[in-house]
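# What the coordinates show
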Amino acid sequence: DGADPEEVDTIVGPSGRTREEDYDEGKERDREDDENENTNDGDDNIYDDEDIYDDDIFDDEDDDDISDDFDDGDYLMFEREMNRKEIDEANALAIHDALPDTLMDQIYHRSSNLNDVAIKDFILQLCRVSRMEISGYGGHVGSRANVVNDDTQNNSANSQPIIYSFQKLVEVSHYNMETRPRLIFAEIWTTIAGHLTSTALHSNPAVAMYAVDSLRQLSIQFLKREELGVFEFQRRFLKPYEVIMMRSVHVSTKELLLQSVEQIIIMFGGEKVTSTWTAGAANDSKDNGKQAPTSTIKRGNLRSGWRPVLAVLGLASHDDDESIASLGFRLLQEQVMECAPNDASASTNKIATSSLMMDYFVDLVDSLMMFVSGSHEGLCMQAIRYLVKMSDWLADDDVPLPNLKSNSGKQPASSISLQSQEDGINVVQATVDTDDIIDTEEDAERTRRSREFELWWPILLGLSRSVGDARPSIREMALTTLLSLIDKNFFSTSSNSKNSSQFGDVQTLQLIFRGVLVPALEHAEMDTASLVETPMLPDDFPHFITPPPPPPSMETPSQNQISDSWSSSMFHKLFDGCVAICLKSMKVHKNDTLVEDVLAMVNNCLLSDSGALAVRGLRRLEEFVTKDLELDVISTDTWATVCHMLLRCLVVTRCNTHDSSEGTNEYDSSFEKNLILSRRYVMANATKIIGTLLVDTKYSESMGIPWYLFLTSGLGRNIREWEVEGGTEHKDVMLLTTNPCPPHHFENALYGQSLLVRLLYGLSTMDMIMNANQNDAPQIMSVQKMIQEETESIISTYLEKESDLAKDGVSLSGGAGSGESAPEVCRAAEVSHLTNLVCDLLDGYNKLSDDQLFRLAWLCPMLSALIQSNNKTVRISVHALVARMFSSVPQPSKK
């Protein structure tokens, strides 16, 4: 469009004729060729088949060799490709011969005169030609789609890719950058950036580095222009840096890319300053006595471009080469130190004028978090320290918050009230207006606090994710830093303090619990070591079927590896920190809201697929209730939550029934089986905690009789279910010899019955039963009914197991050398334990007072059945209790 059409048509070619004359002669020659071709079509039969396949023309051997390598389709495709390539080369040669070099340069130089549609097409075709040159003829100009076949490599091993068109593309970009509207150039840049990115990812490092250097030159030229409002052209222009850093495999390319980013930051980052930049050849120019080339640049021009720049620095953290990661962190460190220096007096002014801290604070935090999760441990720890530095800056009231500078200049309410009085408005009206203004200021303050918390959130959430790091040192440092930041910045210390916390409310702490601390606990769920870890059992747990666990001194290598897992090293530290925050909140705010959040975290552990994690949660629940909380602050709702959680842990988990025709996944079936077996550890530990709470008088009195009965009756009901489940297992698998192995249902049932015996005796001696009045009659009746049911259940279970054992001819004194099979020995041991429990229960009832024993008249039918026991000790206990019951019949009072 920039050339005169008449001038182009009158260009004299090598033949001495004008372009129009060559064109007319070419058309006439084409017409003659077509006529000759039509004439020869009718003479195709002048050759016989014998002549074509005559031995003088083709040799049979050669024909076989050729037919083996190519078929008709291959010949056709080869000819077509060769024709296209020859046509392209012929056209290029013709154009090169017809046009002088100076005119060729003018085509690129005058591309700025093309209209918007023409320049887009021109750039597109130039990118395609450049791509073909670089890839070694990976396509042809006549292709309908802009697709280049990279697999086609016609260049020899020693030849270098041609970058002529690539150079011209960079020149055309320079020419059109200043003259085109930015919206139009943004569309053009999409095509150019795609080609620059693909070239920077070339397998040849020299070509890739040349593309990165070209991108650097274009970036410097583009960033000299001011950013236009909200269009964020800089972010779109510098996006290729991020893609190249993410996908490049050459260390040299990444190093040059980071150096280019460093130059961009030096030239256009920082505060708003206009300066003159001397080109790289300045030193040589001074030595030669010539003036070095200079260019006016403006520091502070980098606005939306900070986002891809920070992303590039963050991506350097995941590079395996330590030099690349160190270079990226050094550049990021310099920006943090420049914006927030250690000098407190200079910090406020620096931050207030830094567009990086004021407008792209969250992006800076995200870049640091990428280094925290990076593969270089030393840089990870340094990044965490800089996050602490940025949080200190964020908590400083003297430093303006990012994007909140407009909220600082408000007129006080008192001055507005005085001004209203001076204008003649009465005092009452002035007071009303002042209240409205105060409400408005309170709303603005709430908005400010909400937006400030949005700045805190990426720091807290990033540290929460780092708590799940595979490296122990990193996750411990992240957890310590996270808990320290919450304790330091989210509790109100003093209303008159200059740097007092702006988030001193329970709602904010509750949000942190649910959004930051609870997700940190989810790392325990993803810890594979906890799935294979053997949960702990209570110290007094009876083992008459399964072997007891090995002592701690006999740990295997796999157990040592489990000790380094996340659950083993971080669970208690995380929970201790959460409990400390909860207790401090209760002390400061006089509110127990966070207690429910702590219990919710424990409940997540109890519902886990990992038995070890569930047991840890149960034991931490016991410590939280018995040691951390004061009994006078535990509300009825808290006891209700605790009791329901404990009772839920006693429920039997059963396998899902599958249709055999459908088939089941072997892995899923094994996982489900292991999950069910691990829940038996949870049952045993839940039983222990229930016993700790109910046996101790101070805890039972704090929870009250209703929850005492709720736990006791629930324990008895689940014991009966354990007995049923234990009876369904085959006798051959009753004795488990693997170590460690989950407890048997009969062992859990016996452990629960031993606790139930103590609870029944405690209920029988309660003062509320002795001092009951008419209003407490329904509750007393429910207590007595429960005592009767559970006592009958224990006695009937004992008689049934003893009878079955006698029918099978198994002696209770049978041991390892008695000739009995292993399952029978286990059954005998179980009956022996039950015998001791029944005797303890009867002896306990025998210690009751006369009035208390008189209330247990329902024992007589049970004692009649129990007197027929084969065990002499049981019969003696029954005789003693019966004698006591008949001798303690209360005498009628004399009037």
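Because the structure is predicted, anything quoted here is derived from the model rather than measured.

It is worth spelling out the overall build of the protein at this point. Each helix and strand counted, the protein has 40 helices and 2 strands in total. In the protein, which comprises 895 residues, the share counted as buried stands at 43%. The contacts in the protein between residues at least 6 apart in sequence include a share of 75% that link residues at least 24 apart. A total accessible area of about 47200 Å² is found for the protein, and carbon and sulfur atoms account for 51% of it.

What follows deals with helix 16 (residues 322–339). Residues spaced three or four apart along an α-helix point in a common direction, a consequence of the helix completing one turn every 3.6 residues. An ideal rise of 1.5 Å per residue puts 26 Å on 18 residues; helix 16 measures up with 26 Å between its terminal C-alpha atoms. Taken together, the buried positions of helix 16 are Ile324, Ala325, Leu327, Gly328, Phe329, Leu331, Leu332, Gln335, Val336 and Cys339.

What follows covers the packing of helix 19 (residues 361–372) against helix 20 (residues 377–395). The contact between helix 19 and helix 20 brings their axes to 7 Å, and the two run at 155°. Comparing the axis directions of helix 19 and helix 20 gives the class roughly antiparallel. In terms of crossing hand, the pair formed by helix 19 and helix 20 is left-handed. Side by side, helix 19 and helix 20 meet where Phe361, Leu364, Val365, Leu368, Met369, Phe371 and Val372 of the first sit next to Leu379, Cys380, Ala383, Ile384, Tyr386, Leu387, Met390, Trp393 and Leu394 of the second.

Next up on the list: the packing of helix 10 (residues 205–223) against helix 13 (residues 251–268). Packing of helix 10 against helix 13 leaves a shortest axis separation of 9 Å and a crossing angle of 10°. With respect to helix 13, the element helix 10 is oriented roughly parallel. Residues Pro205, Ala208, Met209, Val212, Asp213, Arg216, Ser219, Ile220 and Leu223 of helix 10 form the contact with helix 13, whose own contacting residues are Ser252, Thr253, Leu256, Leu257, Ser260, Gln263, Ile264, Met267 and Phe268. Grouping the amino acids of the contact of helix 10 with helix 13 by side-chain chemistry returns 11 nonpolar, 5 polar and 2 charged.

As a further point, take unusual backbone geometry. A positive phi angle, near 55°, is found at glutamate 232, a position not held by glycine. Position of glutamate 232 relative to the elements: it lies in the loop between helix 10 and helix 11 (233–237). With a relative accessible area of 24%, glutamate 232 lands in the partly exposed category. Phi is positive for lysine 590, which is not a glycine, with a value near 55°. For lysine 590, the location among the structural elements is in the loop between helix 27 (566–589) and helix 28 (593–606). A relative accessible area of 69% means that lysine 590 is categorised as exposed.

On to the side chain of threonine 481. In this fold, threonine 481 is placed in helix 23 (residues 472–489). Threonine 481 has contacts with Ile384, Val388 and Leu463, leaving out every residue within four places of it along the chain.

Bringing a nonpolar patch on the surface into the picture now. A grouping of Leu183, Leu228 and Phe231 is seen on the molecular surface, where their side chains present a nonpolar patch of about 300 Å² in accessible area. The residue phenylalanine 231 is located in the loop between helix 10 and helix 11 in this model.

This part is about the pattern of salt bridges. Tallying each qualifying case throughout the model produces 26 salt bridges. Close ionic contact of glutamate 232 with arginine 235 constitutes a salt bridge, the shortest N to O distance being 2.8 Å. Taking the relative accessible area as the measure of exposure, arginine 235 reaches 32% and is therefore partly exposed. One salt-bridge network, held together by shared partners, links Asp576, Arg620, Glu623 and Asp628.

Relative to the helices and strands, asparagine 718 is located in helix 33 (residues 705–728). Beyond its immediate chain neighbours, meaning those up to four positions away, asparagine 718 contacts Leu647, Leu650 and Val651.

Looking at the protein, pLDDT values average 77 and 69% of them are 70 or higher. In this model residues 1–19 is a low-confidence stretch, pLDDT under 50, and it forms 23 contacts with partners more than four residues away in sequence or in other chains. Within the model, the stretch residues 39–67 combines pLDDT values under 50 with 6 contacts to residues more than four positions away or in other chains.

Another aspect to go through is the environment of leucine 574. Positionally, leucine 574 belongs in helix 27. Taking the relative accessible area as the measure of exposure, leucine 574 reaches 0% and is therefore buried. Measuring from C-alpha to C-alpha, the distance between leucine 574 and leucine 521 comes to 7.7 Å, with 53 residues separating the pair along the chain. With sequence-adjacent residues up to four places away left out, leucine 574 is seen in contact with Leu479, Leu517, Ala520, Leu521 and Trp566.

This part takes up the nonpolar core. Side chains of a nonpolar character, in soluble globular proteins, are inclined to be buried together. Core analysis: the largest hydrophobic core is formed by 203 residues, its most contacted members being Trp189, Phe361, Leu693, Tyr845 and Leu859. With residues up to four places along the chain from it excluded, the contact list for leucine 859 reads Thr791, Tyr845, Leu881 and Met885.

Turning to the packing of aromatic side chains, a few remarks are in order. All chains considered together, the criterion is met by 16 aromatic pairs. Both rings, one in phenylalanine 185 and one in tryptophan 189, keep their centres 6.3 Å apart while their planes meet at 25°; by these two values the pair is stacked. Residue phenylalanine 185 and its partner tryptophan 189 are both found in helix 9 (residues 182–200); the two are separated by 4 residues, about one turn of the helix. Tryptophan 189 shares its class with phenylalanine 185; the two are buried. Relative to phenylalanine 371, the ring of phenylalanine 329 has its centre 5.1 Å away and its plane inclined at 65°; by these criteria the two rings are edge-to-face. Remark: phenylalanine 371 occurs in helix 19 and phenylalanine 329 occurs in helix 16; sequence separation between them is 42 residues. Overall, phenylalanine 371 belongs to the buried group, its relative accessible area being 1%. An aromatic cluster is built from Phe185, Trp189, Phe222 and Phe237, whose rings are joined through pairwise contacts. Stacked on the ring of phenylalanine 491, the Lys or Arg lysine 584 has its end atom at 4.7 Å from the ring centre. Note that lysine 801 overlies the ring of phenylalanine 746, its terminal NZ or CZ placed 4.0 Å from the centroid.

Below, the discussion takes up the environment of leucine 841. Its location among the elements puts leucine 841 in helix 37 (residues 822–846). Setting aside residues no more than four positions away along its own chain, leucine 841 makes contact with Val757, Leu760 and Thr791.

The next thing to look at is helix 29 (residues 611–628). An ideal rise of 1.5 Å per residue puts 26 Å on 18 residues; helix 29 measures up with 24 Å between its terminal C-alpha atoms. In terms of burial, helix 29 is a largely internal element, 14 of the 18 residues being buried.

This part is about the environment of phenylalanine 268. On the secondary structure map, phenylalanine 268 appears in helix 13. Taking C-alpha positions, phenylalanine 268 is 8.0 Å from lysine 224, a pair spaced 44 residues apart along the chain.

Parameters at a glance
Residues numbered from 1 in each chain as written. Predicted model: local features only at pLDDT ≥ 70, side-chain atom pairs only at ≥ 80, totals over all residues. Heavy atoms only, no water. Helix = DSSP H or I, 4+ residues; strand = E, 2+ residues; numbered from the N terminus. Buried < 20%, exposed > 50% of the residue type's maximum accessible area, 1.4 Å probe, protein only. Contact = heavy atoms within 4.5 Å. Areas by Shrake-Rupley, 256 points an atom, 1.4 Å probe, with all protein chains shown as cover. Expected span 1.5 Å × (residues − 1). Axes fitted to C-alpha atoms, helices over the stretch in contact; angles between N-to-C directions. Parallel < 35°, antiparallel > 145°, perpendicular 65-115°, else oblique. Left-handed = near helix turned anticlockwise from the far one by under 90°. Nonpolar A, V, L, I, M, F, W, Y, C, P; charged D, E, K, R; others polar. Patch = residues over 30% accessible without salt bridge, like charges linked within 9 Å, V, L, I, M, F, W, Y side chains within 5 Å. Salt bridge = Lys/Arg side-chain N within 4 Å of Asp/Glu carboxyl O. pLDDT = per-residue confidence, 0-100. Core = buried A, V, L, I, M, F, W, Y, C linked by side-chain atoms within 4.5 Å. Phe/Tyr/Trp six-rings, centres within 6.5 Å; stacked < 30°, edge-to-face > 60°. Lys NZ or Arg CZ within 6 Å of the ring centre and 35° of its normal.

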